[in-house]
Protein chains: 4
Amino acid sequence: MKCDLSKTEEIEYMFQEIKEQIGGVDVCVNNAGISFFQDCKTGTLPDTKAMYDLNVFAAIAVSQLTIQSIQERNMDNGHIINISSICGTTIHEDVPCHMYSPTKYALGAFTEGLRHELRKEKTKIRTTIINPGFVDTPLARMKGIAEAFDPGNCLQPDDVASAVTYVLGAPPNVNVRHICLHAIHGIL
Amino acid sequence: MKCDLSKTEEIEYMFQEIKEQIGGVDVCVNNAGISFFQDCKTGTLPDTKAMYDLNVFAAIAVSQLTIQSIQERNMDNGHIINISSICGTTIHEDVPCHMYSPTKYALGAFTEGLRHELRKEKTKIRTTIINPGFVDTPLARMKGIAEAFDPGNCLQPDDVASAVTYVLGAPPNVNVRHICLHAIHGIL
Amino acid sequence: MKCDLSKTEEIEYMFQEIKEQIGGVDVCVNNAGISFFQDCKTGTLPDTKAMYDLNVFAAIAVSQLTIQSIQERNMDNGHIINISSICGTTIHEDVPCHMYSPTKYALGAFTEGLRHELRKEKTKIRTTIINPGFVDTPLARMKGIAEAFDPGNCLQPDDVASAVTYVLGAPPNVNVRHICLHAIHGIL
Amino acid sequence: MKCDLSKTEEIEYMFQEIKEQIGGVDVCVNNAGISFFQDCKTGTLPDTKAMYDLNVFAAIAVSQLTIQSIQERNMDNGHIINISSICGTTIHEDVPCHMYSPTKYALGAFTEGLRHELRKEKTKIRTTIINPGFVDTPLARMKGIAEAFDPGNCLQPDDVASAVTYVLGAPPNVNVRHICLHAIHGIL
């Protein structure tokens with residue numbers, strides 16, 4: 001199912017379609033994200049807002065709609081996994097993603113607030129934030145930071161998938177709150 | 001000078017006016033901010049975006065325009081002071097500002113990225129993030145959380161002003177990067 | 001092999017024995033730890049020092065000896081996994097381990113410093129810090145915090161073991177730097 | 001009054017002397033500290049323990065004895081100011097104090113636990129942690145990292161004193177929890 005996550009209406013339509021076709025969403029992995037290589041000093045507002053639209057606002061909408069879908073079916077469990085970035089844990093002088101980092105700090109803080117609320121309600125809906133280092137994706141290759149693609153310097157998409165598999169496979173009462181992983185010689 | 005900080009054009013116009021009238025901006029204290037008492041689970045997107053508009057995007061625009069104003073006059077010093085909140089340092093189960101916190105985490109990360117960039121340029125422009133606890137303001141009183149206004153539970157606006165005065169008064173080569181202050185029996 | 005980890009001589013003897021019997025240590029999981037329920041205001045120095053002896057100094061010695069063992073055999077890989085605690089990530093008003101927490105903050109900072117050094121050397125020795133919430137162990141049961149043993153409130157030892165298994169099973173160039181896990185309704 | 005802070009008996013004797021001579025201690029600034037330039041990989045245990053003795057255990061003893069002195073006189077206010085280091089906030093690859101950093105992380109965590117306890121008791125005793133960057137002291141000069149002494153790269157002792165003055169001068173119900181300051185071009 002295709003969905004432009006920067007458009008709230010499309011997200012809502014997608015959840016409606018899923019509801020009609022298979023009943024609802026139990027587990028949601030927010031993996032979409034966009035990064036422009038922008039400094040805080042010079043980054044333009046349109047590019048900045050485009051990052052917040054996808055990295056923050058879409059993740060909020062999808063998280064909220066997943067929880068609604070879980071609870072309107074009177075289920076007590078489910079899982080929200082938000083894929084952040086290592087740029088959401090540390091701000092490094094030499095990494096050209098200073099304007100991107102704050103979107104991931106915001107996503108981490110949102111996920112933590114959500115966790116507190118779900119815990120206070122005594123639901124068994126789990127929340128996880130995963131902070132991977134640089135991943136070798138077609139999009140990243142298009143931007144062409146060649147030396148970054150040495151295997152010691154970047155993750156493969158499968159490495160993030162393995163983290164998700166581990167998190168989902170934990171017993172229902174175990175919440176893996178946070179994982180940070182990266183290539184062994186990655187920059188941060 | 002009045003300015004609706006949620007409108008980029010008004011911010012740009014304000015800086016233009018300042019330039020014409022007094023030459024430019026050397027020191028900027030981003031104190032504007034808005035907080036809706038919203039949960040991450042139920043907060044609406046319009047309210048959420050209104051918080052990001054003021055707490056994040058306006059602070060970015062004002063910070064960038066201040067630096068431009070400093071550097072186009074070939075000055076080497078100046079100061080960006082971003083007023084965050086104690087909600088930008090900790091996410092507490094019982095504090096009803098879970099959707100507000102991420103805006104302040106984003107502001108803190110932006111300020112830190114900016115600091116790295118200015119340091120790398122070897123400028124002497126300083127950056128500071130201040131995280132005050134709950135402050136007794138007319139706006140806060142309108143929202144009416146009565147018990148919060150016991151002097152042991154909240155700061156006065158002057159307490160934040162004193163922090164700003166201390167930061168600005170440090171010798172030019174001393175950067176007070178971060179201050180966190182709160183009422184002694186405040187909630188966090 | 002038994003070893004009183006609070007005694008450096010016994011640690012060194014253990015590594016000597018391992019060297020003679022099986023050649024050396026490639027992977028080390030520092031799981032030993034001790035927690036006295038002590039406040040910062042009233043905790044006694046002997047109890048405090050006993051916690052640092054095991055939680056910090058023994059972990060340092062074992063980490064250093066493992067790296068020596070790896071490098072004296074001209075190996076380039078290996079893994080140091082330090083088991084911290086959720087008390088090493090957050091300091092909570094209501095959790096009676098305020099004097100224990102700082103030992104785990106120190107362990108986390110040590111592990112991060114070590115990671116930087118090994119990365120700078122371009123070795124492939126990996127380092128991981130795991131922060132589990134409260135675990136249901138015989139020792140914990142002896143201390144008798146009954147309500148804590150509801151399955152929603154505590155982890156089982158197997159949950160920590162699964163985290164270790166996941167970390168060790170990642171491809172050699174993937175470093176899982178950090179995992180935080182806890183029972184879904186655990187206190188922090 | 002001279003006191004070897006690495007010896008608990010001398011600390012206790014000092015507080016006894018103060019009690020007899022002037023009644024007690026209301027405000028305590030733990031400024032003593034020692035740093036050996038040691039890696040986590042190779043740092044020796046005796047040097048490491050010497051750092052913990054002064055940076056952690058002495059600070060604990062002095063903090064506890066100050067609170068005792070305040071409360072045995074039925075006073076309700078006072079102030080514990082623990083001087084940490086910028087190495088207690090970030091672990092930087094290129095800063096040669098990896099084994100020192102964990103002592104300052106521990107001190108920060110101790111101070112935060114103490115704050116929670118004093119707040120829970122509803123006392124008005126304040127606690128502050130100050131994280132200064134590199135300071136130009138005679139001891140530092142003896143170790144001779146010459147380039148570090150450019151005024152843009154290091155603080156003067158007065159800069160830390162000014163932070164202490166600001167913290168102590170805040171109104172009694174205002175707790176300045178944390179200050180981080182550093183030379184504008186300092187390394188971290």
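Rules behind the numbers
- Residues numbered from 1 in each chain as written.
- Chains lettered and ligands numbered in written order.
- Predicted model: local features only at pLDDT ≥ 70, side-chain atom pairs only at ≥ 80, totals over all residues.
- Heavy atoms only, no water.
- Helix = DSSP H or I, 4+ residues; strand = E, 2+ residues; numbered from the N terminus.
- Rg over C-alpha atoms; globule rule 2.2 N^0.38 Å.
- Buried < 20%, exposed > 50% of the residue type's maximum accessible area, 1.4 Å probe, protein only.
- Contact = heavy atoms within 4.5 Å.
- Buried area = accessible area lost by both parts, 1.4 Å probe.
- Salt bridge = Lys/Arg side-chain N within 4 Å of Asp/Glu carboxyl O.
- Nonpolar A, V, L, I, M, F, W, Y, C, P; charged D, E, K, R; others polar.
- Polar contact = N/O pair within 3.5 Å; in protein donor to acceptor, adjacent residues only side chain to side chain.
- Phe/Tyr/Trp six-rings, centres within 6.5 Å; stacked < 30°, edge-to-face > 60°.
- Least-squares fit on C-alpha atoms with pLDDT ≥ 70 in both.
- Pairing = 2+ DSSP bridges.
- Axes fitted to C-alpha atoms, helices over the stretch in contact; angles between N-to-C directions.
- Expected span 1.5 Å × (residues − 1).
- Arc of directions from axis to C-beta.

Draft legend 1. Quick peek at the overall build of chain A. Across its full length, chain A holds five helices and four strands. Radius of gyration (C-alpha) of chain A: 17 Å, near the 16 Å computed for a compact globule of 188 residues. Across the 188 residues of chain A, 58% fall into the buried class. The long-range share in chain A, meaning contacts at least 24 apart out of those at least 6 apart in sequence, stands at 68%.

Draft legend 2. Looking closely at the interface of chain C and chain D. If you look at the interface, chain C gives 37 residues, while chain D gives 37 residues. Where chain C abuts chain D, roughly 3300 Å² becomes buried across the two surfaces, and 63% of that area is made up of carbon and sulfur atoms. Taken as a group, Lys41(C), Phe57(C) and Glu93(C) account for 22% of the area that chain C buries against chain D, more than any other trio of residues on that side. At the junction of chain C and chain D, the tally comes to six salt bridges. One salt bridge in this structure joins Lys41(C) and Glu121(D), with 2.4 Å as the shortest N-O distance. Of all elements in the fold, only helix H2 (45–72) and helix H3 (101–120) of chain C reach the threshold of two or more residues within the side of chain C that touches chain D. Ranked by the residues each element gives to the side of chain C that touches chain D, the list is headed by H3(C), at 13 residues. Its residues assigned to classes, the side of chain C that touches chain D shows 16 nonpolar, ten polar and eleven charged.

Draft legend 3. Representation of the interface of chain A and chain C within the structure. Residue-level contacts link 34 residues of chain A with 35 residues of chain C. Approximately 2800 Å² of surface area, both sides summed, lies buried where chain A meets chain C, with 52% of it carried by carbon and sulfur atoms. The largest contributions to the chain A side of the interface with chain C come from Tyr166(A), Ile184(A) and His185(A), which together make up 24% of the buried area. Remark: the boundary between chain A and chain C carries zero salt bridges. Taken together, the connections running from chain A to chain C amount to 15 residue pairs in polar contact (both at pLDDT 80 or more).

Draft legend 4. Layout of the side chain of His79(C). Residues and elements named next belong to chain C. Its location among the elements puts His79 in strand S2 (residues 77–83). Looking at His79, the relative accessible area reads 1%, which means it is buried. The contacts of His79, once residues within four sequence positions are left out, are Asp26, Val27, Cys28, Ile70, Ile125, Arg126, Thr127, Thr128, Val167, Leu168 and Asn175.

Draft legend 5. Here's a closer look at the arrangement of the chains. With respect to C-alpha atoms, chain B approaches chain C no nearer than 9 Å, and the pair has no contact. One thing to see here is that chain A and chain D don't touch, and their nearest C-alpha atoms sit 9 Å from each other.

Draft legend 6. Representation of the packing of aromatic side chains within the structure. On inspection of all chains with the given rule, the structure shows eight aromatic pairs over all chains. Look at Tyr52(A) and Phe57(B): their rings are 5.0 Å apart centre to centre, the planes differ by 90°, and that puts the pair in the edge-to-face class. Of this pair, Tyr52(A) sits in helix H2 (residues 45–72) while Phe57(B) sits in helix H2 (residues 45–72), which puts the two residues in different chains. Assessed through its relative accessible area of 5%, Phe57(B) is described here as buried. The interplanar angle of 5° and the centroid separation of 4.5 Å between the aromatic rings of Tyr166(B) and Tyr166(D) together place this pair among those described as stacked. Residue Tyr166(B) is found in helix H5 (residues 157–169), and its partner Tyr166(D) is found in helix H5 (residues 157–169); the two belong to separate chains. By the ring-pair criterion, three or more aromatic residues cluster together here, those being Tyr52(A), Phe57(A), Tyr52(B) and Phe57(B).

Draft legend 7. Examining the pattern of salt bridges more closely. All told, the structure shown has 32 salt bridges over all chains when counted by the stated rule. Notably, a salt bridge pairs Glu72(A) with Lys19(A), separated by 3.2 Å at the nearest N-O pair. Within this pair, whereas Glu72(A) is found in helix H2, its partner Lys19(A) is found in helix H1 (residues 8–22), the two being separated by 53 residues in sequence. Residue Glu72(A) is classed as partly exposed on the basis of its relative accessible area of 44%. Judged by relative accessible area, Lys19(A) falls into the partly exposed class, the value being 40%. Between Glu93(A) and Arg119(B) there is a salt bridge; the shortest N-O distance is 2.6 Å. Of this pair, Glu93(A) sits in the loop between strand S2 (77–83) and helix H3 (101–120) while Arg119(B) sits in helix H3 (residues 101–120), placing the two residues on different chains.

Draft legend 8. Just the relation of the copies chain A and chain C, in detail. Superposing chain A onto chain C takes a rotation of 180° combined with a translation of 0.0 Å along the rotation axis, leaving an RMSD of 0.0 Å. Within this description, the copies of the chain are treated as partners about a two-fold rotation axis. Taking C-alpha positions as reference, the residue of chain A nearest the rotation axis is Ile179(A), located at 2.3 Å.

Draft legend 9. Molecular detail of the relation of the copies chain C and chain D. Of the transformation superimposing chain C on chain D, the axial component is 0.0 Å and the angular component is 180°, with the fit at an RMSD of 0.0 Å. Most of the interface of chain C is mirrored in chain D: 100% of its interface residues are interface residues there too.

Draft legend 10. Here's a closer look at the sheet that holds strand S1 (residues 27–30) of chain D. Sheet architecture is open: eight strands sit in the order S1(B)-S2(B)-S3(B)-S4(B)-S4(D)-S3(D)-S2(D)-S1(D), paired in mixed fashion. Since the sheet does not close on itself, it has two edges, and those belong to strand S1 (27–30) of chain B together with S1 of chain D, each with one partner. Across this sheet, the average inter-strand angle for adjacent strands is 10°, counted without regard to direction. Pairing geometry for S1(D) and strand S2 (residues 77–83) of chain D, over four bridges, is parallel. Considered in S2(D), the bridge of Cys28(D) is made with Ile80(D). Packing against the sheet, helix H2 (residues 45–72) of chain D makes contact with S1, S2 and strand S3 (124–132) of chain D, and its axis sits at approximately 170° to S2(D).

Draft legend 11. Region of the structure containing the environment of Leu168(A). Residues and elements named next belong to chain A. For Leu168, the location among the structural elements is in helix H5 (residues 157–169). On the basis of relative accessible area, Leu168 is assigned to the partly exposed category, the value being 33%. Along the primary structure Leu168 and Gly78 are separated by 90 residues, whereas in three dimensions their C-alpha atoms are 9.5 Å apart. Among all residues touching Leu168, those that are not within four sequence positions of it are Val27, His79, Ile81 and Arg126.

Draft legend 12. Layout of helix H5 (residues 157–169) of chain C. Under the 1.5 Å per step criterion, the end-to-end length of H5(C) is 18 Å for 13 residues, consistent within 8% with the ideal 18 Å. Listed as buried for H5(C) are Asp159(C), Val160(C), Ala163(C), Val164(C), Tyr166(C) and Val167(C). With its buried residues spanning 160° around the axis, H5(C) presents them on a single face. Seen from the open side of H5(C), the exposed residues pointing more than 90 degrees away from its buried face are Asp158(C), Thr165(C) and Gly169(C). Contact partners of the buried residues in H5(C): H5 and strand S4 (174–183) of chain A together with strand S1 (27–30), S2, strand S3 (124–132) and strand S4 (174–183) of chain C.

Draft legend 13. A look at the side chain of Ser63(A). Its location among the elements puts Ser63(A) in helix H2. A polar contact of 2.7 Å, which involves the side chain of Ser63(A), links it to the backbone oxygen of Ala59(A).

Draft legend 14. Focus on helix H1 (residues 8–22) of chain B. Residues and elements named next belong to chain B. The end-to-end C-alpha distance of H1 is 21 Å, a good match for the 21 Å that 15 residues give at a rise of 1.5 Å each. Restricting attention to buried positions, one finds in H1 the residues Ile11, Met14, Phe15, Glu17 and Ile18. The buried residues of H1 occupy an angular sector of 160° when projected down its axis, which confines them to one face. Exposed side of H1, more than 90 degrees from the buried face: Glu9, Tyr13 and Glu20 are the residues found there. Buried positions along H1 lie against H2. Looking one or two residues past H1, Gly23 carries a phi angle of roughly 105°, positive in sign.

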